[in-house]
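Structure assessment
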Amino acid sequence: MGLEENTCMVDSQSHEKYDDVVSRRKFVALTGVAGAAALAGCSGNGDDDEGGNGNGNGGNGNGGNGDAPDDRQVEPDEKVADSHGDVDIWFETGNWDDPTNVQFNPFNPAAQGGQMENAVWEEFANYNLELGEWIPHAVTEWEITDEEITLEFRDDLVWSDGEDVTAEDVAVGMRLGRYQDAELWDFASDVEADGDSTVVITLEEPVNEEVAEWIVLTENVNSPAHVYGEYLERIEEDGEDEDDVMGELVGWDDREPVTCGPFYFSDDESTNEYMAAPAFDDHPDADYINFNGYHMYQRSSNEAYQQSMLGDEFDGLLSLFVPSSVVQRFPDTVDEVRFPGTFGVGLIFNHDVEPFDDRNVRQAISFASDMELAANNADPESKAVPAVPAGITSATVEDYLGDDIDMYESYAQDGARASDLLEDSGYTLTDAGDQWLTPDGDEFSFEIKYPAGWSDWVSAIETVASQLNNFGINVELNGVERGTLESDLGDSDFEVAGFEWNEGALQFNHPYYSIRHQLRNRQLDSEASFFNYPEEATVPAMDGSGEITVNFEERLADLASANDPDEASEIIKELAWVINQDLPMLPIQDKYEQSFLNNERWDYPDPSRGGDEWHYLQVQWPLFWLPKRGLLAARE
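First, a word on scope: everything that follows refers to the structure included in this document.

Here is what the cut-offs are and how they apply
Residues numbered from 1 in each chain as written. Predicted model: local features only at pLDDT ≥ 70, side-chain atom pairs only at ≥ 80, totals over all residues. Heavy atoms only, no water. Axes fitted to C-alpha atoms, helices over the stretch in contact; angles between N-to-C directions. Helix = DSSP H or I, 4+ residues; strand = E, 2+ residues; numbered from the N terminus. Left-handed = near helix turned anticlockwise from the far one by under 90°. Contact = heavy atoms within 4.5 Å. Nonpolar A, V, L, I, M, F, W, Y, C, P; charged D, E, K, R; others polar. Core = buried A, V, L, I, M, F, W, Y, C linked by side-chain atoms within 4.5 Å. Buried < 20%, exposed > 50% of the residue type's maximum accessible area, 1.4 Å probe, protein only. Phe/Tyr/Trp six-rings, centres within 6.5 Å; stacked < 30°, edge-to-face > 60°. Lys NZ or Arg CZ within 6 Å of the ring centre and 35° of its normal.

This brings us to the packing of helix H10 (residues 371–378) against helix H13 (residues 455–471). Running from N to C, H10 and H13 cross one another at 145°; their axes reach a closest spacing of 8 Å. The crossing of H10 and H13 is right-handed. Of the residues in H13, those touching H10 at Met371, Leu373, Ala374, Asn377 and Ala378 are Asp456, Ser459, Ala460, Thr463, Val464 and Gln467. Split by residue class, the contact of H10 with H13 holds six nonpolar, four polar and one charged.

The subject of this paragraph is the nonpolar core. Counting residues in hydrophobic clusters, the biggest one holds 128 residues, and the most contacted among them are Leu151, Met174, Leu184, Ile201, Val216, Phe291 and Tyr294. If one sorts the elements of this core by residue count, helix H17 (residues 565–582) sits on top with eight residues. Residues within four places of leucine 184 in sequence aside, it is in contact with Met174, Val191, Ile201, Ile215 and Val216. Membership of the second largest hydrophobic core comes to 40 residues, among which are Phe349, Tyr411, Leu421 and Tyr427.

This part takes up the packing of aromatic side chains. Scanning all chains against the criterion turns up 38 aromatic pairs. For the ring pair phenylalanine 494 and phenylalanine 530, a centre distance of 6.2 Å and an interplane angle of 45° mean the geometry is tilted. With phenylalanine 494 in the loop between helix H14 (482–490) and strand E22 (496–502) and phenylalanine 530 in the loop between helix H15 (511–519) and strand E23 (536–540), this residue pair connects regions lying 36 residues apart in the sequence. In this pair, the class of phenylalanine 494 matches that of phenylalanine 530, namely buried. Linked through ring pairs, Phe91, Phe263, Phe291, Tyr294, Trp602 and Phe624 together constitute an aromatic cluster. Sitting over the ring of phenylalanine 321, lysine 383 keeps its end group 4.3 Å from the ring centre.

What follows is the structure in structure tokens.
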């Protein structure tokens, strides 16, 4: 049995990147859609009555099982590394980026360090997807009030050039983000360092604490003030034109980064085959690291990465789509770690193109399709379908909609309902009963444009296309390179696209982000929805009493500022209802992330699902997070 070519490997915990594909808001604002398309090189925390604190949970967005005991810890008391001595070994893994063409300027989105960024920067915090809890890391405590967000940072971190990491470093990075349309500045009016380890974010108005946590705590410590502060001074003190200064900053390739993680990038030790990230001996947690560091090899395709796992060349992979049939062939020592993902393919309708501006047509296409079969054909083990299409991930939709989920339409395959909807819009069947005709008497046909080479997506799209053809809608498929696809979509040059219905960054587990992706999408155009969805929609009311008209920008703003959990829940349900009824896009599937570790040479918590330790690995991403927490060590 041959291996399969698949979609690309995940490359970063950062909210700015995921497979070099997701969340281009900042880059689009600076360079336009063409610049964003150029990035597509991959083909193949808690709250209490006083506000948040360092042990908070992220609300309902956990994706865990409802029977999980409340007393499980996010990490064990004993560190794996405590019982291991130093071992002369490198952790061999993969990385999609060209080792000779990476750089680490966080304000330059082009050719960034990919997976290595997870090793060389320190996350503010991480999020346990099973338990729904934030894990403090560089940020040790946080508090959110109506006026400000206060972040307390570790006081022992050090930059790789020997300088101490201070709150000023973080403040400089955040304030530079203002000039790249960073999301923090949607609700912040100022950011200042208060002493060496405290950052205070002044708010323009009260914010939803959960949303604020997802925005702030998914950041990294990656902007030393002694490197980047001069750019901020030129704008804020010297009065230079911000576009000129930021253009210069964005154009700088930093191949000799000053980093603060327990590993650092070494250009001298890197080769044409791999990037080297040796252990940083002066890091305060250096005792957790008992191996030399990481070698990160580039391979040409997912098939090549799979071969490296089969051939025992790699000790693990951050994330890779591997069909279950191939996983079964991996060595017995390879552990697969699965946790809920957010990234998945859907049908994206161009609402400026007839007939996709017609809700009946969109709903008919949904009823004529069997999404469970499509996801199963893509891969039965790693794909999932939301219980209802409502702009919320399959792992969390039942948590957020609760008992009301039964009010939402599931769009289970129903040819009769699809036919009724088309007939209501003036469509007719030919006498032979095998082809739908438009109200003008033409064949109902359209093209689906999708990324060629992403085999799991292709399988799902081909399944849906086959079902629609059997139903009497003539669907043609057009597979193109990912960069070409993004360029075409950015220019609205499509009818229907096979594209992500949700982005892949960590915070898209929360409905604020996933719903906004559908109703106020700015992925490929900083000013408007690339699929031309309107600013508001009128749909039947949930209680059956007439209709409701919802302005998306206003209601999303209400959600972003809703501090009352009941109010936030009602807004989420209302916006989810609009999506469910109007179908701005149609989810086919999302995914379970697949990380891999090899226990032949490495010790780490037992990832066996349902065991006593597996939930420790339900984070992005075990391969890099576990060593930082003393939970992965080379075996002597």
